[in-house]
Amino acid sequence: MAMQSEPTESAKANFTWNTTDATEASLDLLFPNRHQQAKISDPDDKILRFFVIGDWGAFDHYRELSSATDALNDLASKHEYDHIVTVGDNIYYNGVEDIDNRWKAWLCLTVFKKSALRHILIYPTLGNHDCYVNMYNEVKLSQYDYQWRMLENYYVKVTPLKDDPKKFFVNFMLNSCMTICPKGNVYQDDNYECTRFGLLPGGNEVQAHFAWIEANFARYSNDPDVAWMAVSLHHQPFIHPGEKLYLIPLMRKYGVEIIFTGHEHWNEYSNQEFDYKMRLLDREYGDVVLNCTSDEIFTTETRESNFNYGEKFHQFTVGTAGAIWVDKTCPVLDMDVNLVYRSIMQTGSMSVEVTTDLFSASFVNGDGTIGYRVNIHKPKAQS
């Protein structure tokens, strides 16, 4: 599959920015209460909730982005949400190129100023488009937007659970601009991408990040108060060869089985067995395995799957919020992962609900409907 980098000149020609978009952005800032109000905290609500959004910062597709966040605003008016996670490509096409001229970032962030979202903090990770000029400007952006909380280019987000505040959901917020090009990576497309980010493939910064990942995986996997662990990053670990070789083995070793990711511009749920042997170690995808034509695929009888904790690795790709250019659902190419659900039907994002014994992730379409839901059940004795 072709790499997602900067759009072609012909693609750029199709992008439009008009007065309707500008008006909507201004109204979101001036009159956030024209949307539904935030849910008042309910002391009897024992579910931790947060959103995941990816590939979203398309200033020239403001209406699509606003549609995706309208659905989130509606949910936040009905239930209390703790925070928002981004899985990269926060600001197209080159991130925040100049921190003193950050109008694109300002414009994109207005969609989170709607009444039920404006008090929810945003915890970002970086995507390839965020890294092309200066990834550290998105760290600096935390000084200029009260919701944006990115103090380092990778970090750990620890959130107490509501049904037992002594237990925690731990989310490792990784920088996949580094994890795609570890030392010894043979996939040259990703090595080339890293040079575009100003990084040396397998260099000191990359090795330091992997050392940090293992140290923190070890730390939190041995903490009895950690109920759930996940990673959030832009490039899909079950697709990119460098991550297959170096990140997935660390996740196996320390029992991190939930992945939030983006990069491909579709919503997708896929999983993998713990003892699976990687086949495609020098490429992202193989040959066509399903020559379909649909915009949506799901391989189960219903739009819901249930698993026991420890049964599978789970990868949630959330890449349709901005709808810049949409990857085709079909045909399906061979992957080192089991495809369960994939859709480009609508813009969208994800709502996650967590207790000590249940993790539930729902793909939320722009019209508020649920595209697919995955539940992972954990006996309380394991929490």
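Everything below is about the structure printed above this text.
Residues numbered from 1 in each chain as written. Predicted model: local features only at pLDDT ≥ 70, side-chain atom pairs only at ≥ 80, totals over all residues. Heavy atoms only, no water.

(A) Local environment of the state of the cysteines. Inspection of every chain in the model, using the stated rule, returns three disulfides. With its sulfur 2.1 Å from that of its partner, cysteine 131 forms a disulfide with cysteine 177. Taking the sign of the torsion about the S-S bond as the criterion, the disulfide between cysteine 131 and cysteine 177, at about 95°, is right-handed. Taken together, the positions of cysteine 131 in helix H5 (residues 128–131) and cysteine 177 in helix H7 (residues 176–179) put the pair 46 residues apart, joining distant regions of the chain. This pair shows no difference in class: cysteine 131 is buried, exactly as cysteine 177 is. (Disulfide = S-S within 2.5 Å. Helix = DSSP H or I, 4+ residues; strand = E, 2+ residues; numbered from the N terminus. Buried < 20%, exposed > 50% of the residue type's maximum accessible area, 1.4 Å probe, protein only.)

(B) Representation of the environment of phenylalanine 197 within the structure. By secondary structure assignment, the location of phenylalanine 197 is in the loop between helix H8 (188–196) and helix H9 (204–221). Taking C-alpha positions, phenylalanine 197 is 7.7 Å from asparagine 134, a pair spaced 63 residues apart along the chain. Excluding its chain neighbours within four sequence positions, the residues that come into contact with phenylalanine 197 are Asn128, Cys131, Tyr132, Met135, Cys177 and Ile180. (Contact = heavy atoms within 4.5 Å.)

(C) Examining the sheet that holds strand E16 (residues 358–365) more closely. One open sheet holds the seven strands; their spatial order is E3-E2-E1-E15-E16-E17-E11, and the pairing between them is mixed. With one partner strand each, in any of the chains shown, strand E3 (121–123) and strand E11 (304–308) form the two edges of the open sheet. The average undirected angle you get between the axes of adjacent strands in this sheet is 20°. Across the sheet, helix H3 (residues 62–78) lies against strand E1 (48–53), strand E15 (348–355) and E16, angled at about 180° from E1, the strand it touches most. (Pairing = 2+ DSSP bridges. Axes fitted to C-alpha atoms, helices over the stretch in contact; angles between N-to-C directions.)

(D) How the structure looks around the packing of aromatic side chains. Scanning all chains against the criterion turns up 28 aromatic pairs. For the ring pair tyrosine 341 and tyrosine 372, a centre distance of 5.1 Å and an interplane angle of 20° mean the geometry is stacked. Separated by 31 residues along the polypeptide, tyrosine 341 in strand E14 (residues 338–343) and tyrosine 372 in strand E17 (residues 370–377) bring together distant segments of the chain. The exposure class assigned to tyrosine 372 is buried, which follows from its relative accessible area of 0%. Feature note: the residues Phe50, Phe169, Trp228, Phe260, Tyr269, Phe307, Tyr309, Phe316, Tyr341, Phe359, Phe363 and Tyr372 constitute an aromatic cluster, connected by ring pairs. Above the face of the tyrosine 144 ring, arginine 102 is positioned so that its terminal group lies 3.7 Å from the ring centre. Here the basic side chain of lysine 378 rests over the ring of tyrosine 309, its NZ or CZ set 4.3 Å away from the ring centre. (Phe/Tyr/Trp six-rings, centres within 6.5 Å; stacked < 30°, edge-to-face > 60°. Lys NZ or Arg CZ within 6 Å of the ring centre and 35° of its normal.)

(E) Quick look at unusual backbone geometry. The step from tyrosine 92 to tyrosine 93 runs through a cis peptide bond, and the omega angle for that step is 0°. Turning to its location among the elements, tyrosine 93 is positioned in the loop between strand E2 (83–86) and helix H4 (103–109). Cis geometry marks the peptide bond from cysteine 330 to proline 331, where omega comes out at -5°. Following the sequence through the fold, proline 331 ends up in the loop between strand E12 (313–318) and strand E13 (332–333). At aspartate 89, a residue that is not glycine, the phi angle is positive and equals roughly 50°.

(F) Just the sheet that holds strand E5 (residues 168–173), in detail. The strand order across the open sheet formed by eight strands is E4-E5-E6-E7-E12-E8-E14-E10, and the pairing between neighbours is mixed. Only two strands of the sheet have a single neighbouring strand rather than two, namely strand E4 (155–160) and strand E10 (296–298). Averaged over all adjacent pairs, the angle separating strand axes in this sheet is 20°, with direction ignored. Two strands pair when backbone bridges link them, and strand E8 (residues 267–272) and E12 are joined in this way by six bridges, in the antiparallel orientation. Opposite serine 270, over in E12, you have glutamine 315 as the bridge partner. Where H9 meets the sheet, its contacts fall on E4, E5 and strand E6 (226–232), and the angle it forms with E4 comes to roughly 20°.

(G) Spatial organisation of the pattern of salt bridges. Taken as a whole and assessed by the stated rule, the structure comprises 17 salt bridges. Here aspartate 70 makes a salt bridge to lysine 114, at a shortest N to O gap of 2.6 Å. Pair noted here: aspartate 70 is in helix H3 and lysine 114 is in the loop between H4 and E3, with a separation of 44 residues, a long-range link. Residue aspartate 70 is classed as partly exposed on the basis of its relative accessible area, which comes to 34%. For lysine 114, a relative accessible area of 0% corresponds to the buried category. With its nearest N and O atoms 2.9 Å apart, the salt bridge here joins arginine 279 to aspartate 334. With arginine 279 in the loop between E8 and strand E9 (288–290) and aspartate 334 in the loop between E13 and E14, this pair connects stretches of sequence that are 55 residues apart. Assessed through its relative accessible area of 45%, arginine 279 is described here as partly exposed. One network of salt bridges, in which partners are shared, links Asp45, Arg49, Glu80, Lys162 and Glu353. (Salt bridge = Lys/Arg side-chain N within 4 Å of Asp/Glu carboxyl O.)

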